[in-house]
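Notes for the structure review
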Amino acid sequence: MRSFLLLVLLISAASCTQAPEPDPRPNILFIFTDDHGAQAISAYGSKINETPNIDRLANEGLLFLNAFVTNSICAPSRAVILTGKYSHSNGQLTNVETFDGSQQTFPKLLQQAGYQTAMFGKWHLKSDPTGFDAWQVLIGQGPYYNPPIKSATGVTEHVGYTTDIITDIVLDWLKSGRDTQKPFMMMYQHKAPHRRWDPGPDYLTMYDDVEIPEPRTLFDDYAGRGKAATQQTMSIARDLTDRDLKLVPPEELTAEQLEVWNAAYEPKNDAFRAADLQGDDLVRWKYQRYVKDYLRAVASVDDNIGRVLEHLEASGLAENTIVIYASDQGWYLGEHGWFDKRWMYEESLRMPLIVRWPGVTAPGSTSDAMVSNLDLAETFLDIAGVEIPSDMQGESLVPLLEGEAPSDWRQSFYYQYYEYPGPHDVARHYGVRTESHKLIYFYTLDEWELYDLEEDPDELTSVYEDPAYASVRSELETELERLREYYAVPEDARPLEAQ
Ligand code: CA
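For every chain, the first residue of its written sequence is number 1, and the numbers climb from 1 along that sequence. Local features in this predicted model are restricted to residues of pLDDT 70 or higher, and side-chain atom pairs are both shown and tallied only at a pLDDT of 80 or more, whereas totals for entire chains, interfaces and linings draw on every residue. Calculation of side-chain values draws on the structure's entire complement of heavy atoms; hydrogens and water are dropped beforehand.

**Observations regarding the packing of helix 2 (residues 52-60) against helix 9 (residues 279-315)**
To describe two helices that pack against each other, one gives the angle between their axes and the distance between the axes. To keep it simple, the criterion reads: Helix axes are fitted only over the stretch in contact, all axes being lines through C-alpha atoms; the angle between N-to-C directions runs from 0 to 180 degrees. Only DSSP runs of H or I with at least four residues qualify as helices, and only runs of E with at least two residues qualify as strands; both kinds are numbered from the N terminus onward. Each angle is binned into one of four classes, with values under 35 degrees roughly parallel, values over 145 roughly antiparallel, values of 65 to 115 roughly perpendicular, and all other values oblique. Residue contacts are counted whenever heavy atoms from the two residues lie within 4.5 Å of one another. Under the scheme applied here, ten amino acids are nonpolar (Ala, Val, Leu, Ile, Met, Phe, Trp, Tyr, Cys and Pro), four are charged (Asp, Glu, Lys and Arg), and all others, including Gly, are polar.
At a minimum axis separation of 7 Å, helix 2 and helix 9 run at an interaxial angle of 50 degrees. Judged by the angle between their axes, helix 2 and helix 9 are oblique. Where helix 2 abuts helix 9, its residues P52, N53, I54, R56 and L57 lie against D302, D303, I305, G306, L309 and E313. Along the lines of polarity and charge, the residues of the contact of helix 2 with helix 9 split into five nonpolar, two polar and four charged.

Spelled out as structure tokens, the structure:
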């Protein structure tokens, strides 16, 4: 009798201590950078740098060839991703507004559905993150070195290079912050390679002996377009500051960091001053300096992504973790003579988007479907088996990730940019892009532009007034109106006075 009781006790003790089965739903790791153009990713065919770790994701997953953003600027893109809604629906029209964190977002919905949610790195939405079990974020834009980092419990000072520090936080959380009974959704978001493109200590002299190829439109004169392209202030020739060009070092460096920095930059800067460059030669020098620093910042991002991918492998997490690489918009690396973003023109409209979903995405596959940052929220919910709210405005990418090509996929894409007056003086505009054409209306200038993307992929000559394009123009005007109605886009009520 006693032994029977002992047996019962042992069995019940065993069943009490036995761990429940872990939730089988996949983890989602969203790796997100700020201002990383696809031209600077070798998986996208970069002619100017190598990104072996981002390329790994493409080699093992699916690369989207036509991923577009709805509003090509930092905070609005982030808000679109969180909400699955256009800027006019989520309230974040520009970098000026404070994000309304009380609204529905995909992290909140995943959290309610039993995911552990985390956000580390650049947030840039002014209000504190909501819908996350853990968060540590840069304050505003955040510096490249020695960033103060804010969490729910206060602000912590860090010494070092921000790209490395954000990754350290991510690795710490993956190793010891996670609830292993729950799937996680983590947003791992870099400041880099945002302006002012400060390289990390390991890369201050990378590319010093290399000439970076110039884009064919570096000396664009904007003759084939309206006023907007001429009146911008994002020109490499005119608008880069001494600080952008590293003729002045970052303010936040420690004495030790400054010594390392100066050892790398002072000889280069002395040589530049001695050369006394003028005209196109000066533009060419600025281009080289700017792009090299940008690519140096990208090199650290790629290294750090490698650290995280290695940890996923070593810990066994890789098998059930979907890894996404994206950036908040595209970027100008000298095309049209520019830096920055904002335009509906190709380089800034495009975002890199690569998804590795083990067992689902075919290794090394691509999709040319028109997809968007608008689609990510629904995609993440779909992956997790969570019901997609009817007021989200994108499409789940899951069928595309599974290798299907849905016959009813979008054939046209709506874009709108609002931040004018504002930095870089890009006029407000909206428009529609199809596979072959793009119609843009700069509504504060009352100017239209139409591009034939097959004949003129660099968008150098608007054919809006060309009679040969009358029917294309008319079709696109109709489609633009249809999209504005479909997405319930109101007239832009944002005041035109400087903010
Ligand atoms: Ca950005």
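**So, empty space enclosed by the protein**
Here is the rule: As defined here, a cavity is a set of points on a 1 Å grid over the protein atoms alone where a 1.4 Å probe fits but cannot get out. A pocket is an open set with protein on both sides within 12 Å along at least five of seven lines, and residues line them when an atom is within 4 Å of a point. Grid points are joined across faces, edges and corners, and a volume is the space filled by probe spheres set on the points.
Applying the stated rule across the entire model yields three cavities of 30 Å³ or more. One number sums up the size of the largest cavity: a volume of about 40 Å³. Along its surface, the largest cavity is lined by F30, F32, R78, I81, L82, W123, M187 and Q189. Of the residues forming the lining of the largest cavity, the biggest block, three residues, is contributed by helix 3 (residues 74-83). Grouping the constituent residues of the lining of the largest cavity by class yields six nonpolar, one polar and one charged.

**Structural notes on helix 3**
Residues spaced three or four apart along an α-helix point in a common direction, a consequence of the helix completing one turn every 3.6 residues. Under the convention used in this document: Note on classification: 1.4 Å probe, protein chains only; a residue is buried when its accessible area is under 20% of the maximum for its type, exposed when over 50%, partly exposed between these limits.
Where burial is concerned, most of helix 3 is hidden: 10 out of the 10 residues are buried. C74, A75, P76, S77, R78, A79, V80, I81, L82 and T83 are the residues of helix 3 that are buried. Directly beyond the C-terminal end of helix 3, a positive phi value near 70 degrees is found at G84.

**Description of the coordination of the calcium ion**
The line we're drawing: Each metal's donors comprise the N, O and S atoms found within 2.8 Å of it (within 3.2 Å for Na, K or Ca). Water is not part of the atom list, so some coordination spheres may appear incomplete. Square planar and octahedral assignments, for four and six donors respectively, both demand that opposite donors be over 155 degrees apart and that all other angles lie between 65 and 115; tetrahedral needs four donors with all angles between 85 and 135 degrees, and anything else is irregular.
Surrounding the calcium ion are the protein donor atoms D34 (OD), D35 (OD), C74 (SG), D328 (OD), D328 (OD) and Q329 (OE1), at 2.1 to 2.6 Å. The site at the calcium ion holds six donor atoms, and with the angles between them running 53 to 163 degrees, its shape is irregular. One chain supplies every donor to the calcium ion, and in sequence these donors are spaced D-D-x38-C-x253-D-Q. Pair noted here: D35 is in the loop between strand 1 (27-33) and helix 2 and Q329 is in the loop between strand 9 (321-327) and helix 10 (346-349), with a separation of 294 residues, a long-range link. Overall, D35 belongs to the buried group, its relative accessible area being 0%.

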